[in-house]
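Each chain, letter by letter, is given below.
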Amino acid sequence: MADSSTQVRPGGRSAKVRAAVHRAVAELLAEEEAETLTLPAVAARAGVHPTTLYRRWGSTAQLLTDVATSRFSDDLVVPDSGSLAGDLERWLADVATDVADPDTLALMRATIATGPAGGCACVEDRHRQLGAILRHEVERGGAAPEVESAADSLLGPLYYRAIFTSEPASADWARDLVASYLSTLAPSSTERRPADTR
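Scoring rules and cut-offs
- Residues numbered from 1 in each chain as written.
- Predicted model: local features only at pLDDT ≥ 70, side-chain atom pairs only at ≥ 80, totals over all residues.
- Heavy atoms only, no water.
- Salt bridge = Lys/Arg side-chain N within 4 Å of Asp/Glu carboxyl O.
- Helix = DSSP H or I, 4+ residues; strand = E, 2+ residues; numbered from the N terminus.
- Buried < 20%, exposed > 50% of the residue type's maximum accessible area, 1.4 Å probe, protein only.
- Phe/Tyr/Trp six-rings, centres within 6.5 Å; stacked < 30°, edge-to-face > 60°.
- Core = buried A, V, L, I, M, F, W, Y, C linked by side-chain atoms within 4.5 Å.
- Contact = heavy atoms within 4.5 Å.
- Polar contact = N/O pair within 3.5 Å; in protein donor to acceptor, adjacent residues only side chain to side chain.
- Expected span 1.5 Å × (residues − 1).
- Axes fitted to C-alpha atoms, helices over the stretch in contact; angles between N-to-C directions.
- Parallel < 35°, antiparallel > 145°, perpendicular 65-115°, else oblique.
- Left-handed = near helix turned anticlockwise from the far one by under 90°.
- Nonpolar A, V, L, I, M, F, W, Y, C, P; charged D, E, K, R; others polar.

Asker: Sorry, what's going on with the pattern of salt bridges here?
Answerer: One pass over the structure, following the stated rule, counts 12 salt bridges. We note a salt bridge from Arg140 to Asp80, for which the minimum N-O separation is 2.7 Å. Of this pair, Arg140 sits in the loop between helix H7 (116–139) and helix H8 (147–164) while Asp80 sits in the loop between helix H4 (60–71) and helix H5 (84–99), and the two are 60 residues apart along the sequence. Overall, Arg140 belongs to the partly exposed group, its relative accessible area being 33%. Under the relative-accessibility criterion, Asp80 is labelled exposed at 52%.

Here it is, written out as C-alpha coordinates:
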(Lines give C-alpha, C1' and ligand atoms only; values in the text may rest on other atoms or scores of the structure.)
Protein backbone atom coordinates (compact mmCIF):
# COMPACT_ATOMS: atom_id res chain seq x y z
CA MET A 1 0.00 0.00 0.00
CA ALA A 2 1.33 3.46 -0.81
CA ASP A 3 2.65 5.33 2.18
CA SER A 4 0.94 8.41 3.50
CA SER A 5 3.28 10.75 1.63
CA THR A 6 1.86 9.52 -1.67
CA GLN A 7 -1.79 9.89 -0.74
CA VAL A 8 -3.76 12.66 -2.37
CA ARG A 9 -5.92 14.80 -0.14
CA PRO A 10 -9.60 14.61 -1.07
CA GLY A 11 -11.47 17.62 -2.38
CA GLY A 12 -10.78 20.44 -4.79
CA ARG A 13 -8.14 20.27 -7.48
CA SER A 14 -6.35 17.32 -5.84
CA ALA A 15 -9.47 15.18 -6.15
CA LYS A 16 -9.91 16.17 -9.81
CA VAL A 17 -6.30 15.37 -10.61
CA ARG A 18 -6.52 12.02 -8.81
CA ALA A 19 -9.71 11.11 -10.67
CA ALA A 20 -8.16 12.08 -14.02
CA VAL A 21 -5.03 10.06 -13.29
CA HIS A 22 -7.01 6.99 -12.16
CA ARG A 23 -9.15 7.23 -15.30
CA ALA A 24 -6.02 7.51 -17.45
CA VAL A 25 -4.56 4.37 -15.87
CA ALA A 26 -7.74 2.41 -16.59
CA GLU A 27 -7.84 3.63 -20.19
CA LEU A 28 -4.19 2.84 -20.87
CA LEU A 29 -4.44 -0.64 -19.35
CA ALA A 30 -7.44 -1.33 -21.58
CA GLU A 31 -5.48 -0.28 -24.67
CA GLU A 32 -1.91 -1.47 -24.09
CA GLU A 33 0.21 -4.06 -22.31
CA ALA A 34 0.79 -3.27 -18.63
CA GLU A 35 4.55 -3.23 -19.23
CA THR A 36 4.20 -0.06 -21.32
CA LEU A 37 2.47 1.88 -18.53
CA THR A 38 4.71 4.71 -17.34
CA LEU A 39 4.10 7.81 -15.26
CA PRO A 40 4.81 10.13 -18.23
CA ALA A 41 2.30 8.20 -20.37
CA VAL A 42 -0.34 8.42 -17.63
CA ALA A 43 0.38 12.12 -17.14
CA ALA A 44 -0.04 12.80 -20.85
CA ARG A 45 -3.35 10.95 -20.95
CA ALA A 46 -4.58 12.69 -17.78
CA GLY A 47 -3.52 16.13 -18.99
CA VAL A 48 -1.21 16.86 -16.07
CA HIS A 49 2.53 17.41 -15.78
CA PRO A 50 4.61 14.26 -15.09
CA THR A 51 6.14 16.00 -12.07
CA THR A 52 2.72 15.87 -10.42
CA LEU A 53 2.67 12.09 -10.64
CA TYR A 54 6.26 11.67 -9.49
CA ARG A 55 5.61 13.95 -6.52
CA ARG A 56 2.34 12.29 -5.46
CA TRP A 57 2.92 8.63 -6.29
CA GLY A 58 6.64 8.31 -6.84
CA SER A 59 6.48 5.25 -9.07
CA THR A 60 4.19 3.32 -11.37
CA ALA A 61 3.91 0.60 -8.71
CA GLN A 62 2.64 3.05 -6.08
CA LEU A 63 0.21 4.58 -8.55
CA LEU A 64 -1.21 1.17 -9.51
CA THR A 65 -1.54 0.28 -5.83
CA ASP A 66 -3.49 3.48 -5.20
CA VAL A 67 -5.76 2.84 -8.19
CA ALA A 68 -6.41 -0.75 -7.10
CA THR A 69 -7.06 0.24 -3.49
CA SER A 70 -9.61 2.79 -4.68
CA ARG A 71 -11.17 0.38 -7.19
CA PHE A 72 -11.61 -2.51 -4.77
CA SER A 73 -12.72 -0.56 -1.68
CA ASP A 74 -16.37 -1.03 -0.74
CA ASP A 75 -17.18 -2.09 -4.31
CA LEU A 76 -19.41 -4.99 -3.26
CA VAL A 77 -22.37 -5.06 -0.92
CA VAL A 78 -21.93 -7.55 1.91
CA PRO A 79 -25.06 -9.73 1.78
CA ASP A 80 -27.11 -10.75 4.81
CA SER A 81 -29.37 -13.52 3.54
CA GLY A 82 -29.85 -15.16 6.92
CA SER A 83 -27.44 -18.04 6.40
CA LEU A 84 -23.70 -18.41 6.00
CA ALA A 85 -24.10 -20.50 2.85
CA GLY A 86 -26.42 -17.94 1.27
CA ASP A 87 -24.16 -15.01 2.14
CA LEU A 88 -21.01 -16.70 0.86
CA GLU A 89 -22.65 -17.92 -2.33
CA ARG A 90 -24.02 -14.48 -3.23
CA TRP A 91 -20.81 -12.65 -2.29
CA LEU A 92 -18.40 -15.00 -4.06
CA ALA A 93 -20.59 -15.01 -7.18
CA ASP A 94 -20.37 -11.19 -7.16
CA VAL A 95 -16.58 -11.34 -6.74
CA ALA A 96 -16.35 -13.82 -9.63
CA THR A 97 -18.44 -11.55 -11.86
CA ASP A 98 -16.31 -8.55 -10.92
CA VAL A 99 -12.93 -10.15 -11.59
CA ALA A 100 -14.16 -11.57 -14.89
CA ASP A 101 -14.49 -8.02 -16.23
CA PRO A 102 -11.58 -7.44 -18.67
CA ASP A 103 -10.77 -3.97 -17.30
CA THR A 104 -10.77 -5.23 -13.71
CA LEU A 105 -8.61 -8.17 -14.69
CA ALA A 106 -6.10 -5.94 -16.48
CA LEU A 107 -5.79 -3.72 -13.39
CA MET A 108 -5.37 -6.72 -11.10
CA ARG A 109 -2.69 -8.33 -13.24
CA ALA A 110 -0.75 -5.08 -13.58
CA THR A 111 -0.97 -4.27 -9.88
CA ILE A 112 -0.08 -7.77 -8.68
CA ALA A 113 2.96 -7.72 -10.96
CA THR A 114 4.38 -4.76 -9.00
CA GLY A 115 4.92 -6.83 -5.86
CA PRO A 116 3.34 -7.81 -2.54
CA ALA A 117 1.85 -4.35 -1.86
CA GLY A 118 0.03 -4.53 -5.17
CA GLY A 119 -1.39 -7.93 -4.36
CA CYS A 120 -2.60 -6.70 -0.97
CA ALA A 121 -4.34 -3.75 -2.63
CA CYS A 122 -6.35 -6.17 -4.77
CA VAL A 123 -7.57 -8.38 -1.93
CA GLU A 124 -7.51 -6.32 1.27
CA ASP A 125 -11.11 -5.15 1.02
CA ARG A 126 -12.24 -8.63 -0.04
CA HIS A 127 -10.85 -9.92 3.27
CA ARG A 128 -12.75 -7.22 5.15
CA GLN A 129 -15.96 -8.16 3.34
CA LEU A 130 -15.40 -11.84 4.09
CA GLY A 131 -14.76 -11.01 7.74
CA ALA A 132 -18.07 -9.12 7.89
CA ILE A 133 -19.93 -12.12 6.45
CA LEU A 134 -18.39 -14.45 9.03
CA ARG A 135 -19.19 -12.02 11.86
CA HIS A 136 -22.83 -11.94 10.71
CA GLU A 137 -22.97 -15.71 11.10
CA VAL A 138 -21.47 -15.56 14.59
CA GLU A 139 -23.96 -12.82 15.56
CA ARG A 140 -26.79 -15.09 14.38
CA GLY A 141 -25.53 -17.75 16.79
CA GLY A 142 -23.85 -19.90 14.17
CA ALA A 143 -20.30 -21.12 13.82
CA ALA A 144 -17.91 -19.60 11.31
CA PRO A 145 -14.41 -20.49 10.11
CA GLU A 146 -11.45 -18.15 10.43
CA VAL A 147 -11.09 -15.51 7.74
CA GLU A 148 -7.74 -16.82 6.53
CA SER A 149 -9.11 -20.35 6.14
CA ALA A 150 -12.12 -19.12 4.18
CA ALA A 151 -10.01 -16.80 2.03
CA ASP A 152 -7.54 -19.56 1.18
CA SER A 153 -10.33 -21.94 0.21
CA LEU A 154 -12.62 -19.49 -1.60
CA LEU A 155 -10.65 -16.51 -2.87
CA GLY A 156 -7.51 -18.52 -3.61
CA PRO A 157 -9.02 -20.76 -6.31
CA LEU A 158 -11.14 -17.93 -7.70
CA TYR A 159 -8.22 -15.50 -8.11
CA TYR A 160 -5.95 -18.23 -9.44
CA ARG A 161 -8.49 -19.13 -12.09
CA ALA A 162 -9.12 -15.50 -13.02
CA ILE A 163 -5.50 -14.33 -13.15
CA PHE A 164 -3.56 -17.35 -14.34
CA THR A 165 -5.95 -19.20 -16.64
CA SER A 166 -8.01 -18.34 -19.69
CA GLU A 167 -11.23 -19.43 -18.00
CA PRO A 168 -12.29 -16.94 -15.31
CA ALA A 169 -14.62 -18.31 -12.66
CA SER A 170 -18.33 -18.01 -13.38
CA ALA A 171 -20.95 -17.19 -10.77
CA ASP A 172 -22.16 -20.83 -10.88
CA TRP A 173 -18.60 -22.09 -10.41
CA ALA A 174 -18.22 -19.79 -7.40
CA ARG A 175 -21.45 -21.07 -5.83
CA ASP A 176 -20.29 -24.67 -6.30
CA LEU A 177 -16.97 -23.77 -4.67
CA VAL A 178 -18.78 -22.40 -1.61
CA ALA A 179 -20.89 -25.55 -1.30
CA SER A 180 -17.81 -27.74 -1.58
CA TYR A 181 -15.92 -25.69 1.02
CA LEU A 182 -18.76 -25.68 3.54
CA SER A 183 -19.19 -29.43 3.19
CA THR A 184 -15.59 -29.95 4.33
CA LEU A 185 -15.94 -27.95 7.53
CA ALA A 186 -16.01 -30.10 10.64
CA PRO A 187 -17.39 -28.68 13.89
CA SER A 188 -13.85 -28.49 15.28
CA SER A 189 -12.77 -26.22 12.43
CA THR A 190 -15.26 -23.48 13.26
CA GLU A 191 -15.49 -21.16 16.21
CA ARG A 192 -18.31 -19.09 17.59
CA ARG A 193 -16.37 -15.86 17.43
CA PRO A 194 -15.40 -13.44 14.68
CA ALA A 195 -12.11 -14.26 13.03
CA ASP A 196 -9.19 -11.95 12.46
CA THR A 197 -10.30 -9.68 9.60
CA ARG A 198 -6.92 -9.04 8.08
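After that view of the structure, there is still more to cover.
Asker: I tried to follow the packing of aromatic side chains on my own but got confused; where do I start?
Answerer: Any two aromatic rings considered together are summarised by their centre-to-centre distance and by the angle between their planes. Under the defined criterion, the tally for this structure stands at one aromatic pair. Considering the side-chain rings of Tyr160 and Phe164, the 5.6 Å spacing of their centres and the 35° angle between planes classify their relative orientation as tilted. Pair noted here: Tyr160 and Phe164 are both in helix H8, with a separation of four residues, about one helical turn.

Asker: Looking at this model, I keep getting lost on the nonpolar core. Mind explaining?
Answerer: When a protein is soluble and globular, its nonpolar side chains tend to lie buried together. Val21, Val42, Leu53, Leu63, Leu92 and Leu158 are the most contacted members of the largest nonpolar core, which totals 53 residues. Sorting the residues of this core by element identifies helix H1 (12–31), helix H2 (39–46), H4, H5, helix H6 (102–112), H7, H8 and helix H9 (171–184) as the ones contributing at least two each. Residue contributions to this core peak at nine residues, all from H8. Those residues in contact with Leu92 that lie beyond four places of it in its chain are Leu154, Leu155, Leu158, Ala174, Leu177 and Val178.

Asker: I tried to follow the environment of Thr36 on my own but got confused; where do I start?
Answerer: Looking at where Thr36 falls in the secondary structure, it is placed in the loop between H1 and H2. On the basis of relative accessible area, Thr36 is assigned to the partly exposed category, the value being 41%. Polar contacts involving the side chain of Thr36 include one to the main-chain carbonyl oxygen of Glu33, which spans 2.7 Å.

Asker: Can you walk me through H4 in this structure?
Answerer: One full turn of an α-helix is made of 3.6 residues, so residues set three or four places apart face in the same direction. Between its first and last C-alpha atoms H4 spans 16 Å; for 12 residues at 1.5 Å apiece the expected length is 16 Å, and the two agree. By the burial criterion, the buried members of H4 are Leu63, Leu64, Thr65, Asp66, Val67 and Ala68.

Asker: Just to check I follow, could you spell out the packing of H7 against H8 for this structure?
Answerer: Helix packing for two helices is described by the angle between their axes and how far apart those axes are. Between H7 and H8, the least distance of the axes is 10 Å, while the angle of their chain directions is 130°. In terms of their interaxial angle, H7 and H8 are classed as oblique. Considering only the axes of H7 and H8, their crossing is right-handed. In contact with Cys122, Val123, Arg126, His127, Leu130, Gly131 and Leu134 of H7, H8 contributes Val147, Glu148, Ala150, Ala151, Leu155 and Tyr159. For the contact of H7 with H8, the class distribution of residues is nine nonpolar, two polar and two charged.

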